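Geometric and topological summary
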Amino acid sequence: MRPTMRQGSGERLPEGLAEAIRETAGDIAALLRGAADSTRAVPRSTWTVGEAAAHLALANELMADLARGRERPYGDGTPQSLAAANARALAAFEERRPEPLGAMIAEQAEAFLDAVDRAAGEGAADEPALVTPLGRMGRATLASYLLTHMLGHGYDLARALGRPHMVDPGRVGLCMPFMLLVMPRVAAASTAGVTARYSIRLRGGTTFGVALDDGAMRVTPRPELRPDCTILIEPVAFLLIALGRRTPWWAMARGHVIAWGRKPWLAPGFPNLFTAP
């Protein structure tokens, strides 16, 4: 994607990414303004609406600090360590009222964009050494990470509150730089001994390849030349499955995914190659 400037600044993010971050945070804040009950359960989660919103507010604050170049240790990237870090953070933060948390989510998203803007002005926008909960990355990829994280939890909040979610194909496309970077880092232990090649095509969007050679995973921003299995999937379905919010069977039943190739039966097991953090 073509880099773009934000508000006349020197920030360089993929076109539309700053707007998507701001709009997604605003969508979540609007959801929470209409939430009367912070104790309502979030589907497929142990959290309530208030806890999920508090987590998002804290996570956006963390991301803004990382964008400023500050080191904020937060687990070691494993699901267990991230869950423990989340629990510690929530225990130390008492706010559970939806509306104030929505305002904090939006404010910290804006603080993140301001930090990226400021770093660009100092010539540090593309610095790849930022330490994040899922490894080192530059600010543009961190911005993609922030959007991905907000979309996952924003989807949860929308379902809990019975409101339309904010995940759409355009926003999913902006999540892909982070997704492609992190996929090898979250490869499941069960991939040991597996050899397979996949080409993944998001309908109307990103195409990429995933190759496993005796469990070693390689992800490339282009399709495999001789894939065992090619998967064509709707972008929203891809992100929801990748984040553990939906299953391949849900997507297949709705016609959101088709597969072909020498081994099309590999398609339903593709998500199992990864452990969502």
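To keep things clear, this report deals only with the structure shown in the data block. Worth saying up front: this structure is predicted, and the values here are computed from it rather than measured.

With that settled, the discussion passes to the nonpolar core. The biggest cluster of nonpolar side chains holds 91 residues, and the ones touching the most others in it are Ile21, Phe112, Tyr198 and Phe208. Not counting chain neighbours up to four residues away, the residues in contact with Tyr198 comprise Phe208, Gly209, Val210, Leu212, Glu224, Pro227, Cys229, Ile231, Leu266, Phe270 and Leu273.

Moving on to the pairing of strand S7 (residues 216–220). Relative to S7, strand S6 (residues 207–213) runs antiparallel, the two being bridged by 5 bridges. Residue pairing for S7: Gly209 is matched across the bridge by Thr220. Between the antiparallel neighbours S6 and S7 lie 2 residues, among them Asp214 with a positive phi of about 55°.

Between the first and last C-alpha of helix H3 (residues 79–91) there are 18 Å, a value that for 13 residues agrees with the 18 Å anticipated at 1.5 Å per step. Of all the residues in H3, the buried ones are Ser81, Leu82, Ala85, Asn86 and Leu90. The buried residues of H3 all sit within an arc of 165° when viewed along its axis, so they share a single face. What points out from H3, more than 90 degrees from its buried face, is the exposed set Gln80, Arg88 and Ala91. Each element contacted by the buried residues of H3 is listed here: helix H2 (49–67).

Tracing the backbone through its elements, the reader meets Asp213 in strand S6. You can call Asp213 partly exposed: its relative accessible area is 33%. As a C-alpha pair, Asp213 and Thr195 span 18 residues in sequence and 4.5 Å in three-dimensional space. In this view, Asp213 contacts Val194, Thr195, Arg197 and Arg218; residues no more than four positions away in its chain are not counted. At 3.1 Å, the side chain of Asp213 and the side chain of Arg197 are in polar contact.

Attention shifts here to the pattern of salt bridges. Under the counting rule described, the total for this entry stands at 14 salt bridges. Among the ionic pairs, Arg171 bridges to Asp27, the shortest N-O distance being 2.9 Å. Remark: Asp27 occurs in helix H1 (residues 17–33) and Arg171 occurs in helix H6 (residues 169–182); sequence separation between them is 144 residues. A relative accessible area of 9% means that Arg171 is categorised as buried. We note a salt bridge from Arg72 to Asp65, for which the minimum N-O separation is 2.7 Å.

Within the open sheet, the 5 strands sit side by side as S7-S6-S5-S8-S9. Their pairing is mixed. Two strands lie at the open edges of the sheet, namely S7 and strand S9 (257–260), each paired on one side alone. Direction aside, neighbouring strands of the sheet carry axes that sit 15° apart on average. In this structure, strand S5 (residues 196–202) lies alongside S6, joined through 6 bridges in antiparallel fashion. By the bridge assignment for S6, Arg201 is matched with Thr207. Packed on one face of the sheet, helix H7 (residues 235–242) meets S5, S6 and strand S8 (229–233) and runs near 110° to S8.

The topology assignment puts Trp260 in strand S9. Apart from residues no more than four positions distant in its own chain, Trp260 is found in contact with Arg201, Asp228, Cys229, Thr230 and Leu232.

The subject of this paragraph is the packing of aromatic side chains. For the structure on display, the rule yields 4 aromatic pairs. Taken together, a centroid distance of 5.3 Å and an interplanar angle of 70° make the contact between Phe270 and Phe274 edge-to-face. The burial state of Phe270 is the same as that of Phe274; both residues are buried. In textbook terms, an aromatic cluster arises when at least three aromatic residues are bridged by ring pairs, as seen for Tyr198, Phe270 and Phe274.

A few words now on the environment of Asp65. Following the sequence through the fold, Asp65 ends up in helix H2. Put simply, Asp65 and Ile231 are 166 residues apart on the chain and 37 Å apart in space, counted from C-alpha to C-alpha. When sequence neighbours within four positions are dropped, the list of residues in contact with Asp65 reads Arg70 and Arg72. Only 2.6 Å separates the side chain of Asp65 from the side chain of Arg68, close enough to count as a polar contact. Within the local environment of Asp65, its side chain forms a polar contact with the side chain of Arg70, the two groups lying 2.8 Å apart.

The contact between helix H5 (residues 139–161) and H6 brings their axes to 8 Å, and the two run at 115°. At the point where H5 passes H6, the crossing takes the left-handed sense. On H6, the residues that touch Thr141, Ser144, Tyr145, Leu147, Thr148 and Leu151 of H5 are Arg171, Leu174, Cys175, Met176, Pro177, Phe178, Met179 and Leu181. Split by residue class, the contact of H5 with H6 holds 10 nonpolar, 3 polar and 1 charged.

What counts as what
Residues numbered from 1 in each chain as written. Predicted model: local features only at pLDDT ≥ 70, side-chain atom pairs only at ≥ 80, totals over all residues. Heavy atoms only, no water. Core = buried A, V, L, I, M, F, W, Y, C linked by side-chain atoms within 4.5 Å. Buried < 20%, exposed > 50% of the residue type's maximum accessible area, 1.4 Å probe, protein only. Contact = heavy atoms within 4.5 Å. Pairing = 2+ DSSP bridges. Helix = DSSP H or I, 4+ residues; strand = E, 2+ residues; numbered from the N terminus. Expected span 1.5 Å × (residues − 1). Arc of directions from axis to C-beta. Polar contact = N/O pair within 3.5 Å; in protein donor to acceptor, adjacent residues only side chain to side chain. Salt bridge = Lys/Arg side-chain N within 4 Å of Asp/Glu carboxyl O. Axes fitted to C-alpha atoms, helices over the stretch in contact; angles between N-to-C directions. Phe/Tyr/Trp six-rings, centres within 6.5 Å; stacked < 30°, edge-to-face > 60°. Left-handed = near helix turned anticlockwise from the far one by under 90°. Nonpolar A, V, L, I, M, F, W, Y, C, P; charged D, E, K, R; others polar.

Note that every value here comes from positions in space, so none of it alone points to a role or purpose.
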